[in-house]
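A look at the structure
The chain contents come next:
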Amino acid sequence: MDASGDGPVTILARGEGLAAWRQIADGVASDIEAGRLAAGAQLPTEAALAARFGVNRHTVRRALAALAERGLVRATQGRGTFVETPRLTYPIGRRTRFSEIVSKAGREAWGDLIASETVPADPATAEALGLAPGDPMLELLTIHRADGTPLSTARTCLPLPRFEGFATTYSAMGSLTRAYAEFGIADYTRLSTRIHARPAAADEAARLDLAPGRVLIVLTSVNVDAAGVPIQATRSLFAADRVELVVEG
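Residues numbered from 1 in each chain as written. Predicted model: local features only at pLDDT ≥ 70, side-chain atom pairs only at ≥ 80, totals over all residues. Heavy atoms only, no water.

Let's shift gears to the nonpolar core. Core analysis: the biggest nonpolar cluster contains 24 residues, and Ile 24, Val 28, Ile 32, Leu 43, Val 55, Leu 67 and Val 73 have the highest contact counts within it. Put simply, the parts of the chain that give this core at least two residues each are helix H1 (20-33), helix H2 (46-53) and helix H3 (57-69). Of the residues forming this core, the biggest block, seven residues, is contributed by H1. (Core = buried A, V, L, I, M, F, W, Y, C linked by side-chain atoms within 4.5 Å. Buried < 20%, exposed > 50% of the residue type's maximum accessible area, 1.4 Å probe, protein only. Helix = DSSP H or I, 4+ residues; strand = E, 2+ residues; numbered from the N terminus.)

The following block contains the structure:
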């Protein structure tokens, strides 16, 4: 199969107990597993696939949804459907840097700021950041990408007034590490990381271009500066199909 979907009509087996959408999904999956559709490749449009297999677009849409549920493809609003890239090995240690990890894998890293606001610290985040409950803190909502593919979305909280204006700096830099450098923090380390898994909520799935209900790996972490002062409390949601976490000693 090529990206245009051009070529002879593929004849589906009729009346043999296997639904047309399942045959299409299995055929595309075989192309992916055999390397005929490379990681990152864009699939033909729904219309092109419907013409190739001699079915309606609803049948194609169901096949693509099944492939997305299996973690083989991802649908991007307004751009199309793409073959998922191989899992990225993501080490968790004392110095965990998203940009460095992605760059070492030969991929381009970038973080997008979705929203930011000053909010009162809830009790759990206040304790993590050494604040009193209700103290003001900066809350960032971000998406982190590798070669344009979203790997994680995060809620990051930083103490105020120390990080006043940090949202603007992060938005320009696309990296927490580079933004911290602008605030005089040359190094920081991971104080703690807690990990669990759960299904994605609808809004989370949308931010990560995931099928609703796909598994997320949830990392709750605290970072401190060189003096051991907490500077960041983050809850990161990773697409489980796109990363392999490695906890380093």
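A few words on the pairing of strand S5 (residues 136-146). With eight of its 11 residues buried, S5 lies for the most part within the structure. Sheet analysis places strand S4 (residues 109-120) next to S5, joined by 11 bridges and oriented antiparallel. Across the sheet, the residue bridging to Ala 109 is Ala 146, located in S5. Pairing between S5 and strand S6 (residues 149-159): 10 bridges, direction antiparallel. Each bridged residue has a counterpart across the sheet, and for Thr 142 the counterpart in S6 is Ala 154. (Pairing = 2+ DSSP bridges.)

Where charged atoms from two side chains of opposite charge approach closely, those side chains can pair. For the coordinates displayed, the defined rule picks out 17 salt bridges. A salt bridge links Arg 57 to Glu 46, with the nearest nitrogen and oxygen atoms 3.6 Å apart. Residue Arg 57 is found in helix H3, and its partner Glu 46 is found in helix H2; the two are separated by 11 residues along the sequence. One salt bridge connects Asp 241 with Arg 214, and the closest N-O pair in it is separated by 2.6 Å. (Salt bridge = Lys/Arg side-chain N within 4 Å of Asp/Glu carboxyl O.)

Once that is clear, we can look at the environment of Arg 87. Here Arg 87 lies in the loop between strand S2 (80-83) and strand S3 (88-92). Dropping the residues within four chain positions of it, Arg 87 is found in contact with Ala 240, Asp 241, Arg 242, Val 243 and Glu 244. A polar atom in the side chain of Arg 87 sits 3.3 Å from the backbone oxygen of Ala 240. (Contact = heavy atoms within 4.5 Å. Polar contact = N/O pair within 3.5 Å; in protein donor to acceptor, adjacent residues only side chain to side chain.)

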